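Each chain is listed here by its residues.
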There are 2 protein chains.
Amino acid sequence: MAHSHDVPSDLTRNQGLVLGALNHSEGPLSAYDILDKLRGDGLRAPLQVYRALDKLVERGLAHRLESLNAFVACADEHCHRKGLIAFAICEGCGKVDEFADAVIEDRLGDWASAKGFKVERTTMEIRGKCAVCVEAA
Amino acid sequence: MAHSHDVPSDLTRNQGLVLGALNHSEGPLSAYDILDKLRGDGLRAPLQVYRALDKLVERGLAHRLESLNAFVACADEHCHRKGLIAFAICEGCGKVDEFADAVIEDRLGDWASAKGFKVERTTMEIRGKCAVCVEAA
DNA sequence: TCTTGATATGTTATGTTATTACGCTTGCGG
DNA sequence: CCGCAAGCGTAATAACATAACATATCAAGA
């Protein structure tokens, strides 16, 4: 099996660097965190990072966490998810757990059809403490 | 019945002004939007607005929309909701529809117990087009 | 080959959102 | 009256994001 952090070969240099930074991180990184990690590789301006992030998110290789203004690599390396993804964000250790739930997705779909609302994208973020950090408390 | 935009009487001046601004708005407002609306009432600094918003959100009188970095008055004026609230945000007209769904909440609860994750707060935001704006397209 | 268009890049400047730090004021219980 | 908690005012700054403009790279088609 391929390494879980292999990266598609058709990424541009900047996209590859940014995805690499996300893959090597334990937790979410802000665009400026990423920039700082990549100054040694020649990146100088926020826009270089934001542009790469846009593409990565568009392709499902990374996700934006709205409630943190930060980004994570997609956890599902080989078949980047379609549809609704939920994130559980631990306030203790900062780790993020990514999951999908068909029931929730259906339920939202039902609401949307009832209302005539055309869904384009959904963000779902749970803040709290992971098992390890609850234990530690 | 009371006016739908009545406001609790124990708010401070700044809190009242900020909630008033949200209540009179068609859609979400950023903190700086609110500040601009309230300069005539003596507000001068972002912090005055952020402090009021913190309290209002804490009391459930207003909600923060993470994906917009903006705020709305709670739609459910008299019994401010507990638990999970979802928001459908129209990219066309900017209006926000607020709703609760017990099934989704249960489903998340199940996931959380299975993982030992202690949920503190959940944000759920659907972006898309409302019926009116789909029609108009 | 040449040109054209799409995509990516680099750089500067600026816009937008949010917080830190500090000090004063107000109201209330002891 | 004192002390404390909550609120307020102000200035400065931090953190997040985009606009505007110029240049580069490369593949498809005349």
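Conventions adopted
Residues numbered from 1 in each chain as written. Chains lettered and ligands numbered in written order. Predicted model: local features only at pLDDT ≥ 70, side-chain atom pairs only at ≥ 80, totals over all residues. Heavy atoms only, no water. Helix = DSSP H or I, 4+ residues; strand = E, 2+ residues; numbered from the N terminus. Expected span 1.5 Å × (residues − 1). Buried < 20%, exposed > 50% of the residue type's maximum accessible area, 1.4 Å probe, protein only. Arc of directions from axis to C-beta. Domains from an automatic or database assignment. Contact = heavy atoms within 4.5 Å. Buried area = accessible area lost by both parts, 1.4 Å probe. Salt bridge = Lys/Arg side-chain N within 4 Å of Asp/Glu carboxyl O. Polar contact = N/O pair within 3.5 Å; in protein donor to acceptor, adjacent residues only side chain to side chain. Nonpolar A, V, L, I, M, F, W, Y, C, P; charged D, E, K, R; others polar. Pairing = 2+ DSSP bridges.

A. Inspection of helix α3 (residues 46-58) of chain A at higher detail. All names here are of chain A. For α3, built from 13 residues, the straight-helix expectation of 18 Å at 1.5 Å per residue is met to within 8% by its first-to-last C-alpha distance of 18 Å. Along α3, the positions that sit buried rather than exposed are Val-49, Ala-52, Leu-53 and Leu-56. In a view along the axis of α3, the buried residues occupy a sector of 105°, so they form one face of it. Residues Arg-51, Asp-54 and Glu-58 are exposed on α3 and point more than 90 degrees away from its buried face. Positive backbone phi, at 80°, marks Gly-60, one or two positions downstream of α3.

B. Just the domain arrangement of chain A, in detail. Residues and elements named next belong to chain A. Under the domain assignment used here, chain A contains domain 1 (1-75) and domain 2 (81-137). Look at where the C-alpha atoms of domain 1 and domain 2 centre, and you get two points 21 Å apart. Each partner contributes residues to the interface: domain 1 has 13 residues there, and domain 2 has 10 residues. Both faces considered, domain 1 and domain 2 share a buried interface measuring about 890 Å² in area, 59% of it formed by carbon and sulfur atoms. On the domain 1 side of the contact with domain 2, His-63, Leu-65 and Ser-67 bury the most area, a combined 39% of that side's loss. In this assembly, domain 1 and domain 2 are joined by one salt bridge. In this structure, Glu-26 engages Lys-95 in a salt bridge whose closest nitrogen and oxygen atoms are separated by 3.8 Å. Where domain 1 packs against domain 2, one counts five residue pairs in polar contact (both at pLDDT 80 or more). Listed by contribution, the elements that provide at least two residues to the side of domain 1 that touches domain 2 are β1 (62-65) and β2 (70-73). If one sorts the elements of the side of domain 1 that touches domain 2 by residue count, β1 sits on top with three residues. In the side of domain 1 that touches domain 2, the residues fall into seven nonpolar, three polar and three charged.

C. Geometry of the interface of chain A and chain B. Each side of the interface is counted separately: chain A has 33 residues, and chain B has 33 residues. Among the residues of chain A in contact with chain B, Arg-107, Trp-111 and Phe-117 of chain A are the three that bury the most area, contributing 18% of the side total. Summed over the shared surface of chain A and chain B, the result is six salt bridges. Here Glu-91 of chain B and Arg-121 of chain A are joined by a salt bridge, their closest N and O atoms 3.2 Å apart. In this structure, the connection of chain A to chain B is made through 15 residue pairs in polar contact (both at pLDDT 80 or more). Looking at the side of chain A that touches chain B, the elements with two or more residues in it are β3 (86-90), β4 (96-99), α4 (102-115), β5 (118-129) and α5 (131-136) of chain A. Counting residues per element, the side of chain A that touches chain B draws most heavily on β5 of chain A, at 12 residues. Along the lines of polarity and charge, the residues of the side of chain A that touches chain B split into 15 nonpolar, six polar and 12 charged. Bridge count for β5 of chain A against strand β5 (residues 118-129) of chain B is 11 bridges, and the pairing is antiparallel. Bridging from a neighbouring strand, Met-124 of chain A pairs with Met-124 of chain B of β5 of chain B.

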